Amino acid sequence: MTSPSPAPTRGFTGRARAADRDPRLPPGQYDARDTWPVLSAEVTPDLAAADWTFRVGGLVARPRTWTWDEAHALPASEYRGDIHCVTSWSKFGVRFGGVSLDAFLAGAGGPLPAAKHVVAYSHTGYTANLPLADVTGGRAWIAWEYDGAPLPPEHGGPARLVVPHLYFWKSAKWIAGLELLDHDEPGFWEKNGYHHRGDPWREERYAGD
Amino acid sequence: MTDTSSGASVPPFVPPTAFAVPGRIAVSEQAAAHWQQALITRIHRETRAATTFRLKVPEWQGHLPGQHLMLRLTAADGYVAQRHYSLASAPDDSGEIELTVDHVPGGEVSGHLHTVAREGDTVEVRGPLSGFFAWPGDRPALLLGAGSGVVPLMSMIRHHRRAGLTVPLRLLVSARTREDLIYADEYGAETDVILTRSEGRLRAGHLAPLLGDGRPDGGWEAYICGSNGFAEHASRLLVDGGQPVDRIRIERFG
Ligand SMILES: Cc1cc2nc3c(=O)[nH]c(=O)nc-3n(C[C@H](O)[C@H](O)[C@H](O)COP(=O)(O)OP(=O)(O)OC[C@H]3O[C@@H](n4cnc5c(N)ncnc54)[C@H](O)[C@@H]3O)c2cc1C
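Residues numbered from 1 in each chain as written. Chains lettered and ligands numbered in written order. Predicted model: local features only at pLDDT ≥ 70, side-chain atom pairs only at ≥ 80, totals over all residues. Heavy atoms only, no water.

Here we come to the domain arrangement of chain B. All names here are of chain B. Along its sequence, chain B is carved into domain 1 (36-129) and domain 2 (141-253). On a C-alpha basis, the centroid separation for the pair domain 1 and domain 2 is 24 Å. The interface is formed by 20 residues belonging to domain 1 together with 17 residues belonging to domain 2. Taken together, both faces of the contact between domain 1 and domain 2 bury some 1,400 Å²; the carbon and sulfur share is 52%. Viewed at the interface, domain 2 and domain 1 are joined by two salt bridges. Across the pair Arg48 and Glu179 runs a salt bridge whose closest N-O atoms are separated by 3.5 Å. In this assembly, domain 1 and domain 2 are joined by eight residue pairs in polar contact (both at pLDDT 80 or more). (Domains from an automatic or database assignment. Contact = heavy atoms within 4.5 Å. Buried area = accessible area lost by both parts, 1.4 Å probe. Salt bridge = Lys/Arg side-chain N within 4 Å of Asp/Glu carboxyl O. Polar contact = N/O pair within 3.5 Å; in protein donor to acceptor, adjacent residues only side chain to side chain.)

This is how it looks when you write it as structure tokens:
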């Protein structure tokens, strides 16, 4: 429901001119450049890699849990590209190293036909809901490296979900598991007024957008 | 660690720890999605870097202390910039709200507000947003803020006073110097001020009298707001002091 042509603000020219606006920037976003703001509403957990586990459960053929070492034995996969936070910053050309979520789903015997949605759980109890189609087909990763180094705790280390084509609150930090469901179940921010899907290119920020 | 049971019969996965806590209130989807014109009725300088903007928002549906909004500026060619700002004012029926904005060097939106905006201008806002950091005034609240992070916490203090609440409320606010302290004249007995340039930063000793035996019945709901560095430091002190992690709410300004 974003109004199509907002009234100009007296005297505002903007730092980035519309003409040379980077085409990688979704509407309403700005380039955070070298900064990587931290936005989480909870205490950063003290979670050692040795204690980290990742579970795929719910509507899959063989629910299963991976340890750190078991997860690292899966084929490595990398995301290189951009990320977009609902608070308006975007970051270009980031590099996350980890494993494609497809490899974990395959390891759990694949989704059952009824599976349509997932809830991502963190080790802190944070949740985010996603359509299954948004985390399959090479569109989502479990990442433990950022720019070739271990992912810092405040950015979700030892491991986080990365779903770069949606606003970054969907990319649950301190990821603990995915539950596949036949129905949609709003997660933490979705229950707090945020949009259910969160596509940055459609500016799906808040419920009702 | 491989389960062999079939998908359908497995109980829902429950994570081993639960830090995240539910939001305090339901958020109006309509208010959150709708951009409104806001008229700047008053600009009031708080400190050398922070300024309060009073906005008349005709269709404002009310808010709870701790909530924020999104503010949008539009250039003549259609370029827009939008940022989140916490509500500084207590909920009231004046039809006006207040924001307090720090002038970030080189900042696009805060720079415009501080150097170009004047009374009589309009900006656009949508909100209030997010129920997570909101405080309805129901539970004892321990507030820790630094710099402009005190803004949503001041909304809580103003609400507490205005509504004549008796539920315990304490604020620990840190600023670099007395001159950098936002709302300096407004703090009362509920507040301890920490001036970091002369006294150093928030320490366990500041919190000790409020934790342990100093806790009110039912314990505190803790609200931390400020930069990420402050939030990390303050939240660790609280956890070390025995505050349950699932009763700590954090708003990081980025
Ligand atoms: C929930 C929430 C509530 C908030 N509440 C408040 C509040 O109550 N009060 C408050 O003051 N703030 C608040 N903030 C922070 C606020 O949203 C803005 O981040 C802040 O005002 C800075 O915005 P800006 O446009 O002025 O700066 P930006 O333009 O975003 O710049 C931020 C920094 O990055 C640098 N920078 C970024 N991009 C470029 C570039 N392209 N070229 C050069 N330099 C660049 C700038 O120099 C500056 O140092 C809140 C944030 C959140 C998430």
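There is more to say, and it comes next.
With 65 residues of chain B in contact, the opposing surface of chain A contributes 63 residues. Across the chain B to chain A interface the summed buried area is about 5,200 Å²; carbon plus sulfur atoms make up 54%. Our enumeration of links across chain B and chain A arrives at two salt bridges. Here Asp209 of chain A makes a salt bridge to Arg126 of chain B, at a shortest N to O gap of 2.5 Å. Our enumeration of links across chain B and chain A arrives at 14 residue pairs in polar contact (both at pLDDT 80 or more). Elements with a contribution of two residues or more to the side of chain B that touches chain A: helix 1 (29-33), strand 3 (68-74), strand 4 (80-86), helix 2 (108-115), strand 6 (122-129), helix 6 (228-240) and strand 11 (248-252) of chain B. Of the residues that constitute the side of chain B that touches chain A, the class distribution is 30 nonpolar, 21 polar and 14 charged. (Helix = DSSP H or I, 4+ residues; strand = E, 2+ residues; numbered from the N terminus. Nonpolar A, V, L, I, M, F, W, Y, C, P; charged D, E, K, R; others polar.)

For the rest of this paragraph, the subject is the pairing of strand 7 (residues 127-131) of chain A. All names here are of chain A. Of all five residues in strand 7, four are buried, a share of seventy percent or more. Both strand 6 (residues 117-122) and strand 7 contribute to a ladder of five bridges, which runs antiparallel. Considered in strand 7, the bridge of Val119 is made with Asn129. Following strand 6, the chain reverses through four residues before pairing antiparallel with strand 7; Gly125 in that reversal takes a positive phi of roughly 100 degrees. (Buried < 20%, exposed > 50% of the residue type's maximum accessible area, 1.4 Å probe, protein only. Pairing = 2+ DSSP bridges.)

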